[in-house]
Amino acid sequence: MRTLAPRSTPLRADCVADSAGGLTFDVPAAGEAAGAHMVLRRRDGREEVCLPLTPSGNGRLRAALPSSVALPEGRWDAYARVDAVEPRRLHLGATELRSLAARAPSGSRGHVAVRIPYATRQGRLIVRSWLRAPHAEVGELLVGQGVLTVSGRMYGAVLGPHACAEIHGRHASAPVRRTEVLADRAEFRFKVVYAALEPGVWDLWLRPAGEAGPAVRVARLLDDVADKKPVFTYPRTRVDAPYGPVEAGPYYTRDNDLSVSVTACASPQ
């Protein structure tokens with residue numbers, strides 16, 4: 001008989017991450033389940049990845065998503081399917097993801113691939129995937145009096161003598177601000193002066209080869225936190241800018257990219 005665990009309860013997949021960034025998923029099965037697959041569907045509906053579910057003992061099936069298997073950037077809903085039967089939505093079970101936080105990719109492949117499983121509010125399993133080529137990984141953020149210092153590491157590109165950081169305003173009319181980058185091999189550091197930014201949202205980029213080269217979005221991906229915005233929070237600083245007082249501070253976007261928010265302070269009544 002080809003079947004998964006009963007439909008009366010949520011079908012949970014336990015997940016373990018390895019040091020290379022690969023994931024394995026264990027799903028309970030009732031009896032033989034030949035022809036079973038774990039199906040990952042990207043949220044935009046354009047792609048689907050099928051991973052065989054094979055017996056792993058103790059009435060469980062296992063699917064492997066090694067780091068060598070391409071998974072384009074995005075959010076992927078997880079399902080289990082046996083033959084032509086309608087796939088069942090997977091819920092996230094127990095996880096062991098500590099190895100993701102200890103990863104230090106070599107960058108020799110020219111890209112960084114990150115996959116982090118997480119649960120929705122309803123408990124449904126999502127795999128968030130990033131594929132950056134090259135990648136500028138945020139390390140330490142130092143929030144000073146009116147200045148943000150960003151330190152990190154470059155993967156998949158060489159930091160040249162003309163490397164610079166760019167601060168892009170979300171509005172098309174906002175000018176691009178450039179600032180000097182201090183580089184030591186793959187390590188980088190640059191400063192963002194809040195008083196030089198108009199109110200709005202500003203995205204941080206790095207140009208390893210200088211202004212003539214490609215721009216790389218600055219982000220924090222190499223850990224086990226799928227959504228950093230509510231987890232990594234930083235103090236906001238009040239500064240006097242040429243156009244009036246503002247409050248500014250860094251934050252991570254929904255995609256874990258690093259940005260700076262600048263808000264005009266209300267005039268005293």
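Predicted model only: the values in this text are computed from it and were never measured.

What counts and what doesn't
- Residues numbered from 1 in each chain as written.
- Predicted model: local features only at pLDDT ≥ 70, side-chain atom pairs only at ≥ 80, totals over all residues.
- Heavy atoms only, no water.
- Helix = DSSP H or I, 4+ residues; strand = E, 2+ residues; numbered from the N terminus.
- Buried < 20%, exposed > 50% of the residue type's maximum accessible area, 1.4 Å probe, protein only.
- Contact = heavy atoms within 4.5 Å.
- Areas by Shrake-Rupley, 256 points an atom, 1.4 Å probe, with all protein chains shown as cover.
- Phe/Tyr/Trp six-rings, centres within 6.5 Å; stacked < 30°, edge-to-face > 60°.
- pLDDT = per-residue confidence, 0-100.
- Pairing = 2+ DSSP bridges.

Caption draft 1: Structural view of the overall build of the chain. In terms of helices and strands, the chain carries one helix and 20 strands. Taken along the three principal axes of its C-alpha coordinates, the chain extends 75 × 50 × 30 Å. Expressed as a percentage of its 269 residues, the buried residues of the chain come to 47%. Across the chain, every contact between residues at least 6 apart in sequence was considered, and the portion connecting residues at least 24 apart equals 64%. Surface exposure of the chain reaches about 13,500 Å², of which carbon and sulfur atoms provide 50%.

Caption draft 2: Geometry of the packing of aromatic side chains. If you walk through the whole model with that rule in mind, you get three aromatic pairs. Look at Phe188 and Phe190: their rings are 6.3 Å apart centre to centre, the planes differ by 20°, and that puts the pair in the stacked class. The same class applies to Phe188 as to Phe190, namely buried. Judged by centre distance (6.2 Å) and plane angle (75°), the rings of Phe232 and Tyr252 are edge-to-face. Taken together, the residues Phe232 in the loop between strand 17 (216–219) and strand 18 (237–241) and Tyr252 in strand 19 (residues 244–252) connect sequence positions 20 residues apart. On the basis of relative accessibility, which here comes to 0%, the residue Tyr252 falls in the buried class.

Caption draft 3: Spatial organisation of the confidence of the model for the chain. Residue-level pLDDT values for the chain average 90, and 92% of them are 70 or greater. Element-level mean pLDDT values for the chain span from 87 in strand 5 (residues 54–57) up to 98 in strand 17.

Caption draft 4: Structural detail: the pairing of strand 18. Along strand 18, the buried face is formed by Thr237, Val239 and Ala241; none of Arg238 and Asp240, which line the opposite face, is buried. Pairing between strand 18 and strand 19: five bridges, direction antiparallel. From the neighbouring strand, Arg238 faces strand 19, where its bridge partner is Glu247. Here strand 18 folds back onto strand 19, and the loop between the two strands holds two residues.

Caption draft 5: Structural detail: unusual backbone geometry. A cis amide bond, omega -10°, links Ala133 with the succeeding residue Pro134. Relative to the elements of secondary structure, Pro134 occurs in the loop between strand 10 (125–132) and strand 11 (135–143). Of note, Asn256 is a non-glycine position whose phi angle comes to about 70°, a positive value. As for its placement among the helices and strands, Asn256 is situated in the loop between strand 19 and strand 20 (258–264). Owing to a relative accessible area of 0%, Asn256 belongs among the buried residues under this scheme.

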